[in-house]
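Coordinate inspection notes
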Amino acid sequence: MIEKLKKIKSKIKSRIFFDYGISHLTWFKAGGSAKAFIIVENKTELEILINILNEYRYLIIGAGSNILIRDKGFDGVIIKLGKGFNEIKIIEDEIKVGASILDINLSKFAKKNSINDFEFFSGIPGTVGGAIKMNAGCFGNETKNILKKIELIDIKGKIKELDKEKLKLEYRSSNLKDSDIVTNANFHLSYGDIDSINEKINQIKIQREKNQPLKEKTSGSTFKNPQNMFAAKLIEKSGCKGLEVGDAKVSLKHSNFLINKGKATSTDIEELGKQIRDKVYKKFNILLDWEIKIIGD
């Protein structure tokens, strides 16, 4: 498979790199390498590349904001969508959005056009494709509330269009597979008052700056909130606030955020997460589910 990628590399616009260190693409700035890393420039080449991979192990990443690459790396191909997937436009009563668009840029576009209900995207670090796969949300709203349909390419290189209802979007989850690559999405839109929209975005910004370690090497919320509970409170009441493993530390600002103080390895970060889960389970008999996606062997 690697030889096939080497042969096609000079014939396509997409950029292909081999034995590529992935750590700098993640917010944790930790982890190993992938067999290959591909920045895909358009849908046609994505189809070609998926067919070349022929079900060889691959994974799609967006902004790298909620992933942890293990130190031994990923024995497969990491794919990132490039400029050909960042179109955003209004079509009648919908917004059509490329999957590589950053969530915050979708929020800015909606505000510029006085469109309601996209304010919460200003508080989500990541891309639209990732937001759909995990039904991302914050501050009382989530992706499924405004999503209409998506387009994806599956592991066999087939393009599919799916209505929201077929995705089974639930709290931080969907039925989309790791191998499914969302290429674009259509969202419902409704127009509103620009001052009200701006106020909501400002409130989200203030809350995030107050409660989250935004200037640290972190990866957003580490664990999902159990039903009717907050993971951060469980972690804090279990005595984990400020807990450290190597250079990995539980944030003093928000207990559900792990931070890399400088030279933390992915092993440090994962071990810290495991210790948190153990402590919370011993105290509350609740096993926290990872919200961060851990990649590698």
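A count of helices and strands for the protein gives seven helices and 17 strands. Against the compact-globule benchmark of 19 Å for 297 residues, the protein has a radius of gyration of 19 Å, which places it among compact chains. With 297 residues in all, the protein has 50% of them scored as buried. A separation threshold of at least 6 residues defines the contact pool for the protein, and within that pool the share at least 24 residues apart is 65%. Of the roughly 14,700 Å² of accessible surface on the protein, 47% is carried by carbon and sulfur atoms. The centroid of the 52 positive side-chain charges in the protein is displaced by 3 Å from the centroid of its 39 negative side-chain charges.

Before going further, it helps to examine the packing of aromatic side chains. Under the defined criterion, the tally for this structure stands at eight aromatic pairs. Note on F223 and W290: the rings are 4.9 Å apart at their centroids and 45 degrees apart in plane angle, and the pair reads as tilted. Note that F223 is positioned in the loop between β13 (217–218) and α6 (231–237) and W290 in the loop between α7 (266–284) and β17 (293–295), a separation of 67 residues in sequence. Considered together, F223 and W290 belong to a single accessibility category, that of buried residues. Following the ring pairs from residue to residue traces out a cluster consisting of F118, F120, F121 and F187. Residue placement shows K6 over the ring face of F18; its charged tip is 5.6 Å from the ring centre.

Evaluation of the coordinates by the stated rule reveals 17 salt bridges. With a shortest N-O distance of 3.9 Å, R172 and E291 are connected by a salt bridge. One end of the pair, R172, is in the loop between β11 (159–163) and β12 (181–188); the other, E291, is in the loop between α7 and β17, with 119 residues separating them in the sequence. Owing to a relative accessible area of 15%, R172 belongs among the buried residues under this scheme. E291 sits in the buried class, given a relative accessible area of 16%.

Taken together, the five bridges between strand β10 (residues 147–153) and β11 define a ladder with antiparallel strand orientation. Looking across to β11, one finds that E151 is bridged to E161. Counting the residues in the hairpin turn of β10 and β11 gives five residues, including G157, whose phi is positive at 80 degrees.

Looking now at the nonpolar core. I150 and F187 are the most contacted members of the largest nonpolar core, which totals 50 residues. The element that contributes the greatest number of residues to this core is helix α2 (residues 43–53), accounting for five residues. Look past the residues within four positions of F187 in its chain and what remains in contact with it is D93, E94, I95, V97, L106, F118, F121, V128, T143, I146, L147 and K148. Formed by 22 residues, the second largest nonpolar core is a distinct cluster that contains A231, L243, I269 and I276.

Time to look at the environment of N54. Checked against the element boundaries, N54 lands in the loop between α2 and β3 (58–61). A relative accessible area of 57% places N54 in the exposed class. For the pair formed by N54 and K156, sequence separation is 102 residues and the distance between their alpha carbons is 7.1 Å.

Time to look at helix α3 (residues 103–112). Listed in full, the buried residues belonging to α3 are D103, L106, S107, F109 and A110. One side of α3 carries all its buried residues, which in axial view fall inside an arc of 160 degrees. On the buried face of α3, the contacting elements are β6 (88–91), β7 (94–98), α4 (128–133), β12 and α5 (194–211). Remark: S114 follows α3 within two positions and exhibits a positive phi of approximately 55 degrees.

The rules we used
- Residues numbered from 1 in each chain as written.
- Predicted model: local features only at pLDDT ≥ 70, side-chain atom pairs only at ≥ 80, totals over all residues.
- Heavy atoms only, no water.
- Helix = DSSP H or I, 4+ residues; strand = E, 2+ residues; numbered from the N terminus.
- Rg over C-alpha atoms; globule rule 2.2 N^0.38 Å.
- Buried < 20%, exposed > 50% of the residue type's maximum accessible area, 1.4 Å probe, protein only.
- Contact = heavy atoms within 4.5 Å.
- Areas by Shrake-Rupley, 256 points an atom, 1.4 Å probe, with all protein chains shown as cover.
- Lys, Arg positive; Asp, Glu negative; His and termini not counted.
- Charge placed at Lys NZ, Arg CZ, Asp CG, Glu CD.
- Phe/Tyr/Trp six-rings, centres within 6.5 Å; stacked < 30°, edge-to-face > 60°.
- Lys NZ or Arg CZ within 6 Å of the ring centre and 35° of its normal.
- Salt bridge = Lys/Arg side-chain N within 4 Å of Asp/Glu carboxyl O.
- Pairing = 2+ DSSP bridges.
- Core = buried A, V, L, I, M, F, W, Y, C linked by side-chain atoms within 4.5 Å.
- Arc of directions from axis to C-beta.

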